[in-house]
Amino acid sequence: QASKLMLIYYLVLTAVAELVEGKPWIFSGENIRLTCSIPGDLSDWRHQWFRGDKFIQESKDLVIWKAMPQQSGKYYCQGIRKTWIYQQRTPQSLPVEIKVDGGWAILRAPSLPMLVGETMTLSCDVRDNPRLTEVILYHNGVEIQRQSDPKLRVTNLTLRHPGSYWCRATWHKQMATHSVISLATTVSVLDILTEPFLEIVPQDPLIPKEHMLLVCHVQLNAREKDLMINYNFYQDGLKLGPASSNDRFPVLRASGLYSCTASVPILELKRESEPVIHTPPLCTHNSPLMACSASIPTEPMIVLNNTRAISQFQDYM
């Protein structure tokens, strides 16, 4: 039993690869250093390094001196040691992606997605750090900024700002003018609270058979932790119950126009879904009762043709 517990404990250990010196995107000829660790365990581990599926070396640190473009790629590490039962290996770490640029300019942008309303800072870096006289920033091929400072700021981001960015840098040296263009880098911008999408689930095993389930799908992208989303559900414009932190709501199966809202009170954000028209199927003699019983009229139908009325009633039955 003890050996089983130890085995389970070993299996949850995962290697972590980190970049400790240098930047993820460097010029050729520069150096970087990565290190590998096994959090939560103080035992003596050996560390193996891989680029893609190719083994590189066994060491705690991986140093790349005077990097070359062909050394670009995703780097992983893995812990390995011998136990009295077998040779144990941890799962591979999450990758550290390294880009080695053989050109003259790099536009450094945030690696994580930006959020609507934030300010994005970029840097147009040039090899050997000459004193720049002009820096031009392009977005999807259109010039958006021109200045002498290599640090560039795009304020009040909106959903029109995602896309490809690159820069052109100009400087003077030895009576000559030099101008270089960086490769494009992709920037993502997310809405803090996406537009909700209402899903109607006609049958769900966790609710009564005469009910259907309304599910309000939404994504919250915020820097703050543990923010609560409040949900409201509507039928024909009327609210169904009080606001709740639950993104699903069971209702009696019935025709109507359904929608939902999602709000984050602390951020003063509120979004509403597009309305969804729901019409339960008419019952036939082959229809399961739980799928169509709510569509049976509860009030008398006034019709001129008695034969048609009988036929409709037989269809429901």
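Conventions adopted
Residues numbered from 1 in each chain as written. Predicted model: local features only at pLDDT ≥ 70, side-chain atom pairs only at ≥ 80, totals over all residues. Heavy atoms only, no water. Helix = DSSP H or I, 4+ residues; strand = E, 2+ residues; numbered from the N terminus. Polar contact = N/O pair within 3.5 Å; in protein donor to acceptor, adjacent residues only side chain to side chain. Contact = heavy atoms within 4.5 Å. pLDDT = per-residue confidence, 0-100. Pairing = 2+ DSSP bridges. Axes fitted to C-alpha atoms, helices over the stretch in contact; angles between N-to-C directions. Core = buried A, V, L, I, M, F, W, Y, C linked by side-chain atoms within 4.5 Å. Buried < 20%, exposed > 50% of the residue type's maximum accessible area, 1.4 Å probe, protein only. Disulfide = S-S within 2.5 Å. Phe/Tyr/Trp six-rings, centres within 6.5 Å; stacked < 30°, edge-to-face > 60°. Lys NZ or Arg CZ within 6 Å of the ring centre and 35° of its normal.

**Side note on the side chain of Gln48**
Part 1: Along the chain, Gln48 falls in strand S4 (residues 46–51).
Part 2: In this structure the side chain of Gln48 is engaged in a polar contact, spanning 3.0 Å, whose partner is the side chain of Arg89.
Part 3: Excluding its chain neighbours within four sequence positions, the residues that come into contact with Gln48 are Phe55, Gln57, Glu58, Tyr76, Cys77, Gln78, Ile80 and Arg89.

**Digging into the confidence of the model for the chain**
Part 1: Chain-level statistics for the chain give a pLDDT mean of 86 and a share of 84% at 70 or above.
Part 2: Mean pLDDT across the elements of the chain bottoms out in helix H3 (residues 306–316) (34) and peaks in strand S22 (residues 230–235) (98).
Part 3: Predicted confidence for residues 1–10 stays below pLDDT 50, and this span has six contacts to residues more than four positions away or in other chains.
Part 4: Throughout residues 293–317 the model reports pLDDT below 50, and contacts reaching past four residues in sequence, or to other chains, amount to 19 contacts.

**A few points about the sheet that holds strand S6 (residues 61–64)**
Part 1: The strand order across the open sheet built from three strands is S1-S3-S6, with neighbouring strands paired in antiparallel fashion. Of all the strands in the sheet, the pair left with one neighbour each is strand S1 (16–21) and S6. Put simply, the sheet's adjacent strands are angled 25° from each other on average, direction ignored.
Part 2: As paired strands, strand S3 (residues 32–37) and S6 are joined by four bridges and run antiparallel to one another. The residue of S6 that forms the bridge with Ile32 is Ile64.

**Points about the nonpolar core**
Part 1: With 20 residues, the main nonpolar core has Leu107, Met120, Leu122, Cys124, Leu137 and Leu152 as its most contacted residues.
Part 2: Of all the secondary structure elements, the ones that give two or more residues to this core are strand S10 (105–108), strand S12 (120–126), strand S13 (132–139), strand S15 (151–154) and strand S16 (163–173).
Part 3: In this structure Leu137 touches Leu107, Leu122, Val142, Glu143, Ile144, Gln145, Leu152, Val154, Tyr165 and Trp166, once residues within four positions along its chain are discounted.
Part 4: Residues Ile32, Cys36, Trp45 and Leu62 belong to the second largest nonpolar core, which totals 18 residues.

**Points about the sheet that holds strand S21 (residues 211–217)**
Part 1: The three strands are arranged S20-S21-S24 in an open sheet whose pairing can be described as antiparallel. The sheet is open, and its two borders are formed by strand S20 (197–201) and strand S24 (248–252), each paired with just one other strand. Taken over all neighbouring pairs, the strand axes of this sheet differ in orientation by 25° on average, direction set aside.
Part 2: Of the pairings in the sheet, the one linking S20 to S21 comprises five bridges and is antiparallel in character. Along S21, the bridge assignment pairs Glu199 with Val215.

**As for the state of the cysteines**
Part 1: This structure, assessed with the given rule, holds three disulfides.
Part 2: Across a sulfur-sulfur distance of 2.2 Å, Cys36 and Cys77 are joined as a disulfide pair. Sign of the S-S torsion, about 75° for the bond between Cys36 and Cys77, identifies this disulfide as right-handed. Taken together, the residues Cys36 in strand S3 and Cys77 in strand S7 (residues 73–82) connect sequence positions 41 residues apart. Just as Cys36 is buried, Cys77 falls in that class too.
Part 3: Two residues share a disulfide in this structure: Cys216 and Cys260, whose sulfurs sit 2.2 Å from each other. Handedness here is read from the sign of the S-S torsion; for Cys216 and Cys260, about 70°, the answer is right-handed.

**Side note on the pairing of strand S26 (residues 269–272)**
Part 1: Looking at chain direction, strand S25 (residues 256–264) and S26 are connected through four bridges and run antiparallel. Note on S26: the bridge partner recorded for Ala262 is Arg271.
Part 2: The antiparallel hairpin formed by S25 and S26 contains four residues in its connecting segment, where Glu268 sits at a positive phi of about 55°.

**A look at the packing of aromatic side chains**
Part 1: Counted under the stated rule, the structure contains four aromatic pairs.
Part 2: Pairing Phe50 with Phe55 gives two aromatic rings, centres 5.7 Å apart and planes at 70°, and the pair type is edge-to-face.
Part 3: Taking the relative accessible area as the measure of exposure, Phe50 reaches 11% and is therefore buried.
Part 4: Consider the rings of Tyr138 and Trp166, whose centres lie 6.0 Å apart with planes at 20°: the pair is stacked. Linking Tyr138 in strand S13 with Trp166 in strand S16, this pair joins segments that are 28 residues apart in sequence.
Part 5: What makes Trp166 partly exposed here is its relative accessible area of 24%.
Part 6: Its guanidinium or amino end placed over the ring of Trp25, Lys99 lies 4.8 Å from that ring's centre, counting from NZ or CZ.
Part 7: Sitting above the plane of the Trp104 ring, Arg127 keeps its charged end 5.9 Å from the centroid.

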